[in-house]
Amino acid sequence: TDLHTSIDKFQFNNVFMNASGVRCYTKDELDELAQSDAGTLVTKSATQTKRLGNPSPRYAPLELGSINSMGLPNEGLEYYLDYALDFQKAHPEKPIFLSVAGLSMEENLAMAHTIENSDFNGLVEFNLSCPNVPGKPQTGYDFDRTQEVLTNLFDFFTKPAGVKLPPYFDLAQFDQMATILNQFPLKFVNSINSLGNGLMIDPETDTALIKPKGGFGGIGGAYAKPIALANVRAFAQRLDPKIQLIGTGGVTNGRDAYDLILAGASLVQVGTLLQEEGTVAFTRLTRELRAVMQTKGYNAISDFRGQLKVLS
Ligand SMILES: O=C(O)c1[nH]c(=O)[nH]c(=O)c1Cl
């Protein structure tokens, strides 16, 4: 069994990669991802200039996942673009993802112009779903703004791109969002980002676990699995087949990854598990996914991608 997969013209030798924001802030972290069994990597969502993000504690592991309110700390777009340009020279066989998360439409368009005018030849992930910048509502939950941002973007942007979406919980929202996304030359939709604005409590002190926003933060890990599966499946059923799915959320073992692929995912991103286990998680996930595929008699990802059955 092999785990190679593709998005558009880009080939990957393994279906697993990191979720943006996890172990991908610095060159050293990115290099460690590149040296792991992951098929590729994505950089931390960038803003135009370096950000320190929210005050700590801003991340906490939970019994069934994690809570984070990092606040978009990052080294700034130039840092990650420089990394990407060096990387593609050294590893032409491994296309990577550059994630951007402008805090305004103007910032997103300015960063898109910078990337468009560069020699970057990988894929760009426009993060429309950061839940943790105080005072900044998620673009992904504002359909008019999403339509506006994508319209202005694709007026000039020609490099391969996709969007990172928040979880939706209503079928009418899947319909509305898919109708918007189908209007644009997107190569992929990455679903889901963390479950926005969760809250967890320290039992010793009756205090919110993390500091920012009175303890409100995005929830990841096993808590997110059923929502991630539904979002990937809903968009796979609604999007133009030219737009492929990246599945993110709740991957703790090979079977969780298998399920996201059944739902329609062409790549599987790992967040909380990677944060807690380290890049060795990719070695275990690869072994476990191969084992599930063997049991089911599948040799390739394309044998079962999107083949979720329903009861008739
Ligand atoms: O707080 C963050 O940096 C953050 N945290 C998330 O869980 N998702 C995001 O997209 C971002 Cl940008």
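That block above? That's the structure.
Quick caveat, the model's predicted, so the values are computed rather than measured.

## Quick word on the overall build of the chain
Counting its regular elements, the chain contains 10 helices and 15 strands. Relative to the compact-globule value of 20 Å for 312 residues, the chain shows a C-alpha radius of gyration of 18 Å, a close match. The principal-axis extent of the C-alpha atoms belonging to the chain is close to 55 × 50 × 45 Å. In the chain, which comprises 312 residues, the proportion classed as buried is 58%. A sequence separation of at least 24 residues applies to 73% of the contacts in the chain between residues at least 6 apart. With the model as given, the accessible surface of the chain reaches about 13200 Å², and the carbon-plus-sulfur share is 51%.

## Comments concerning the packing of helix α7 (residues 254-263) against helix α9 (residues 281-296)
Contact pair α7 / α9: the axes reach a minimum separation of 7 Å and the direction vectors enclose 65°. Regarding α7 and α9, the two cross each other, and that crossing is right-handed. Mapping the contact onto sequence places G254, R255, Y258 and I261 in α7 and L285, E288, L289, V292, M293 and K296 in α9. Its residues assigned to classes, the contact of α7 with α9 shows six nonpolar, one polar and three charged.

## Some remarks on the sheet that holds strand β7 (residues 123-127)
Taken in spatial order, the seven strands line up as β3-β15-β14-β9-β8-β7-β6 in an open sheet, and their pairing is parallel. In the strand order of this sheet, the two ends are held by β3 (16-18) and β6 (97-100), each with one partner. With direction set aside, neighbouring strand axes in the sheet form an average angle of 25°. Here four bridges tie β7 to strand β8 (residues 161-165), and the two strands are oriented parallel to one another. Note that in β8 the partner of E125 across the bridge is G162. Sheet strands in contact with helix α3 (residues 105-116) are β6 and β7, and its direction is about 155° off that of β6.

## Some words on the packing of aromatic side chains
In the structure shown here, the tally under the stated rule is 14 aromatic pairs. Where Y79 meets Y80, the ring centres are 5.1 Å apart and the plane angle is 75°; that geometry is what we call edge-to-face. You can call Y79 partly exposed: its relative accessible area is 22%. Aromatic side chains Y141 and Y168 sit 5.7 Å apart centroid to centroid with 75° between the ring planes, which places their arrangement in the edge-to-face category. Linking Y141 in the loop between β7 and α4 (143-153) with Y168 in the loop between β8 and α5 (171-181), this pair joins segments that are 27 residues apart in sequence. According to the relative accessible area criterion, Y168 is buried, its value standing at 2%. In this structure an aromatic cluster arises from ring pairing among Y141, F143, Y168, F174 and F235. A cation over an aromatic ring shows up here: K27 above the ring of Y79, its NZ or CZ 3.8 Å from the ring centre.

## Comments concerning the side chain of T279
Assignment of secondary structure puts T279 in the loop between α8 (272-277) and α9. Beyond its immediate sequence surroundings of up to four residues, T279 is in contact with E32, L33, S36 and L274.

## A look at the pattern of salt bridges
The final tally for this structure, using the stated rule, is nine salt bridges. Residue D256 is joined to K225 by a salt bridge in which the shortest nitrogen-to-oxygen separation is 2.6 Å. With D256 in helix α7 and K225 in helix α6 (residues 225-238), this pair connects stretches of sequence that are 31 residues apart. The buried category is assigned to K225, whose relative accessible area is 18%. With its nearest N and O atoms 2.8 Å apart, the salt bridge here joins R284 to E277.

## Here we look at the site of the ligand
In the neighbourhood of the ligand, 14 residues make up the surrounding shell, with K44, N68, L72, N193 and S194 lying closest. At a separation of 2.8 Å, a nitrogen atom of the ligand approaches a polar side-chain atom of N193. For the ligand, the protein covers 91% of the area, taking 310 Å² as the surface of the free molecule. For the shell around the ligand, a count of residues per class yields five nonpolar, eight polar and one charged.

## Examining the environment of D240
Within the secondary structure, D240 sits in the loop between α6 and β14 (244-248). The exposure class of D240 is partly exposed, given its relative accessible area of 27%. In the structure, D240 is positioned 178 residues away from L62 in sequence and 37 Å away in space, judged by C-alpha atoms. For D240, the side chain forms a polar contact with the main-chain nitrogen of K242, separated by 2.7 Å.

## Some remarks on the state of the cysteines
With the rule as written, the count across this model stands at zero disulfides. Here C24 stays free of any disulfide, with the sulfur of C130 as its closest cysteine sulfur at 13 Å.

Scoring rules and cut-offs
The numbering scheme is per chain: residues are counted from 1 as the chain's sequence reads. Thresholds applied to this predicted model are a pLDDT of at least 70 for local features of residues and 80 or more for the giving and counting of side-chain atom pairs; totals over whole chains, interfaces and linings are not thresholded and use all residues. To get the side-chain values, all heavy atoms of the structure are used, and hydrogens and water are removed first. Helix and strand definitions follow DSSP, with helices as H or I runs of at least four residues and strands as E runs of at least two, each counted in order from the N terminus. Atoms counted for the radius of gyration: C-alpha only. Globule rule: 2.2 Å times the number of residues to the power 0.38. Three labels apply to residues, based on accessible area from a 1.4 Å probe with only protein chains included: buried if under 20% of the type maximum, exposed if over 50%, partly exposed otherwise in between. Whether two residues are in contact is decided by their heavy atoms: any pair within 4.5 Å suffices. Surface accessibility in these figures is a Shrake-Rupley result with a 1.4 Å probe; residues are shielded only by whichever protein chains are displayed. Every axis corresponds to a line fitted to the C-alpha atoms, with the helix fit spanning only the stretch in contact, and the corresponding angles, defined between N-to-C directions, vary from 0 to 180 degrees. Two helices crossing with the near one rotated counterclockwise from the far one by less than a right angle form a left-handed crossing, whereas a clockwise rotation gives a right-handed crossing. As a working rule, the residues Ala, Val, Leu, Ile, Met, Phe, Trp, Tyr, Cys and Pro are called nonpolar, Asp, Glu, Lys and Arg charged, and the rest polar, with Gly in that last group. Criterion used throughout: strands pair if DSSP finds at least two bridges between them. Between 30 and 60 degrees the pair is tilted, below 30 it is stacked and above 60 it is edge-to-face, where a pair is any two Phe, Tyr or Trp rings, Trp via its six-membered ring, whose centres lie within 6.5 Å. The rule is short: NZ of Lys or CZ of Arg within 6 Å of the ring centre and within 35 degrees of the ring normal puts a charge over the ring. Only one rule defines a salt bridge in this text: a Lys or Arg side-chain nitrogen within 4 Å of an Asp or Glu carboxyl oxygen. By convention in these notes, a residue is near a molecule or strand provided one of its non-hydrogen atoms lies within 4 Å of it. For this analysis, a polar contact is any N or O atom pair within 3.5 Å, provided that within protein one partner can donate a hydrogen and the other can accept it, and provided that sequence-adjacent residues contribute only side-chain to side-chain pairs. Cysteine sulfur atoms that pair up within 2.5 Å are treated as a disulfide.

Purely geometric stuff here, so don't read any function into it on its own.
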